[in-house]
Amino acid sequence: MTNQERIAALIAKRDEASQAYYSGESIISDDEFDLIIEELDALGYQEESVGHGYVPEGKVLHKQRMLSLKKVFAREDIEQFVAATEARKYTIEYKYDGGAASLIYDAEGYFERAVTRGNGFYGEDITDAVRDMIRAGRVPEFIESKNMSTEVRGEIVVTHEDFERLNESELGGDYSNPRNTATGIVRRKKVTGIGDYVSFVAYGGDLPTWQLEEEGFLTSMEHLFETVTENHVENIMALIERIEVERRSLGIDTDGVVIKVADQKTRDALGDSSTAPRWAVAFKFQSEVKQTRLNAVEWRTGRTIPVAIFDPTVLAGVDVARATLHNYTFLKEMDIKIGDTIDIKRSNEVIPYVIGRHGEHGEESTEIAFPEACPTCGAPIEYKNKDIVCSVGGCD
C-alpha cells in the first residue's frame, strides 16, 4: 500500500468514526481516534480547512482546537521527552479519566457556554449541564478576567462517592462506571439535578492552574501537583511509581499522569505539533490482566453485544463480574466456550473487557448459544459486518 492509499484509508476511517460519534454511537475509542490523527500527521497529511472530515449540523466549533496529549508508556519515552524539551522544571499531575470539555466565559467574566472535546475541532453543546453544575456550586459562574473571552479547559468527572449516590437517586441510569457516567450524563436532554453528582477538574486554557484555583475551580492541585527541578528522569519515574499506588484511594478514576514543562516561555517556544503540544505528555498506567472462569454469556439488545458473566474477580482494585466480549465475530475467532478460563482487562482502569481464552478448553466446556431473535422484541436478527443486529431496529 502506498502512502497515498494509506492516507485515504485513514481519512475514510476517521470520517466514519466522526459521523458515528455525532450520531450518538462511538465505534472506536478516543485513543484509537487520536492514533489515526497522529498517523496522518506522520504521513505528512495536512488538513486544508479549520475542521476536518464530517462536519455535523448543530455542533459547536471550538475557540481553539482541543489537542490531545501524546501518550507514553515507558522510561525511555520520558527520557526522550526530557531530552527534547530541555526544561529546568516539570510539573506532574493526575490524568483524570472522564470527558474533556471547554468552558467559555464572556468579556464581563460570566459563564457563557460549554462544549465537549468531540473530535478536537467540534464538540457537543453541554451549556445547560454546566449551568446545573454552577447551581450546585461545582463550577464558578463568574471569574476575574480582562479578556474579551476566556476559555477554561478541564475534565468532567464523577467521583466514586457521587457515582454511588447517583445510582441510588431518581437520576440513576444504566451507566456501568463513573467514566461512562461523566461522558454520558452531561449529554442528556434533561439535565436538571445532575450538577449534584458531576464535577469539573480545570487544568488549562487561558488561565494558569494557580489562577484557576483562586477563581474557585477544582484543579489537580487539590489531589496532586508535584514539581521536579533536578535529576528529572529519575525523579519523574519515582513519582510515577508512587502515584500509581496512591491513586487507588483517590476516589476518582485516573489512567495516568500528565507531565508538563512548567515555564510558560519554554512552552511557547516549544509550541504544538498538528496533533499534540510538544511541552506535555501523558504517561499511561499499564492495565491489569486477570484470569477467571466464564460462566455464561448474555446478549445486549439493539446492536446485540455479547457480555461475559464470570466468577467475581478483583481487577485494578475493583470487583468485576461482567465484561464485554465485543461482538460475535470476536467469539468465533477466539473460540471461547462456557467454562473456559478467560483473560480479562480494564482499559484505562475503567472498562472491563475480555482479551481471549487463557489456555485450552476445559473438559466440561460447552458451546456458547448465539441468539436466534432480538432479546428485546423477538424480531429476527441480522448479521451486519461483525455484529448481530435487530432487523427491526429501535431496541435499546
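Residues numbered from 1 in each chain as written. Predicted model: local features only at pLDDT ≥ 70, side-chain atom pairs only at ≥ 80, totals over all residues. Heavy atoms only, no water.

Trainee: Tell me about the sheet that holds strand β3 (residues 90-96), residues and numbers included.
Mentor: Within the open sheet, the 5 strands sit side by side as β2-β12-β11-β3-β10. Their pairing is mixed. Of all the strands in the sheet, just β2 (70-72) and β10 (226-228) have a single pairing partner and so form its edges. In this sheet, adjacent strand axes meet at a mean angle of 35° when their direction is disregarded. One ladder, built from 7 bridges, connects β3 with strand β11 (residues 254-261); its direction is antiparallel. By the bridge assignment, T91 is partnered in β11 with K260. Against the sheet, helix α3 (residues 75-85) makes contact with β2, β3, β11 and β12 (280-284), and its axis sits at roughly 25° relative to β11, the strand it touches most. Along the sheet face, helix α8 (residues 232-246) touches β3, β10, β11 and β12 and points at about 25° away from the line of β3. (Pairing = 2+ DSSP bridges. Helix = DSSP H or I, 4+ residues; strand = E, 2+ residues; numbered from the N terminus. Axes fitted to C-alpha atoms, helices over the stretch in contact; angles between N-to-C directions. Contact = heavy atoms within 4.5 Å.)

Trainee: Before we move on, could you go through the packing of aromatic side chains and cite the residues and values that matter?
Mentor: What characterises a pair of aromatic rings is the spacing of the ring centres plus the angle enclosed by the ring planes. Under the criterion given, the structure shown has 6 aromatic pairs. Both rings, one in Y110 and one in F142, keep their centres 5.0 Å apart while their planes meet at 55°; by these two values the pair is tilted. Residue Y110 is found in the loop between β4 (99-105) and β5 (111-116), and its partner F142 is found in the loop between α4 (127-135) and β7 (150-157); the two are separated by 32 residues along the sequence. Judged by its relative accessible area of 39%, Y110 is partly exposed. With a relative accessible area of 34%, F142 lands in the partly exposed category. An aromatic cluster of at least three residues, connected via ring pairs, comprises Y105, F111, F200 and F217. (Phe/Tyr/Trp six-rings, centres within 6.5 Å; stacked < 30°, edge-to-face > 60°. Buried < 20%, exposed > 50% of the residue type's maximum accessible area, 1.4 Å probe, protein only.)

Trainee: How would you explain the environment of D335 if you had to name every residue and give the values?
Mentor: The topology assignment puts D335 in the loop between α10 (328-334) and β17 (341-347). D335 sits in the partly exposed class, given a relative accessible area of 35%. Residues D335 and R357, 22 residues apart in the sequence, show an inter-C-alpha distance of 7.5 Å. The residues touching D335, leaving out its near neighbours within four places in the chain, are D340, R357 and H361.

Trainee: Before we move on, can you summarise the confidence of the model for the protein with the specific residues and values?
Mentor: Averaged over the protein, the pLDDT score is 84; the fraction of residues at 70 or greater is 86%. In the model of the protein, strand β14 (residues 303-304) stands out as the element of lowest mean pLDDT, 58, in contrast to α4, which has the highest, 97. Scored below 50 in pLDDT, residues 48-53 makes 14 contacts in the model with residues more than four places away or belonging to other chains. (pLDDT = per-residue confidence, 0-100.)

Trainee: Give me the lowdown on the sheet that holds strand β8 (residues 199-205), citing residues and values where you can.
Mentor: Across the sheet, 5 strands lie side by side as β5-β4-β7-β8-β9; this open sheet has mixed pairing. Taken across any chain shown, the strands that pair with only one partner, and hence form the sheet edges, are β5 and β9 (218-219). Note that β4 and β5 share 5 bridges and pair antiparallel. Counterpart to I104 in the pairing with β5 is R113. Lying over the sheet, α4 contacts β4, β5 and β8, oriented at roughly 120° with respect to β5.

Trainee: Describe the side chain of S199, naming the residues involved and giving the relevant values.
Mentor: As for its placement among the helices and strands, S199 is situated in strand β8. We classify S199 as buried; its relative accessible area is 10%. Engagement of the side chain of S199 in a polar contact is seen with the side chain of R138, the distance being 3.1 Å. Once you skip the residues sitting within four places of it in the chain, S199 turns out to touch M133, R138, E155, I156, V157, D162 and L218. (Polar contact = N/O pair within 3.5 Å; in protein donor to acceptor, adjacent residues only side chain to side chain.)

Trainee: Run through the packing of helix α5 (residues 160-167) against helix α6 (residues 178-185), naming residues and quoting values.
Mentor: Running from amino to carboxyl end, α5 crosses α6 at an angle of 70°, the nearest separation of the two axes being 10 Å. Of the possible angle classes, the one that applies to α5 and α6 is roughly perpendicular. Between α5 and α6 lies a crossing of left-handed hand. Each of H160, F163 and L166 in α5 lies in contact with α6, whose residues at this interface are P178, T181 and I185. Across the contact of α5 with α6, the residue classes tally to 4 nonpolar, 2 polar and no charged. (Parallel < 35°, antiparallel > 145°, perpendicular 65-115°, else oblique. Left-handed = near helix turned anticlockwise from the far one by under 90°. Nonpolar A, V, L, I, M, F, W, Y, C, P; charged D, E, K, R; others polar.)

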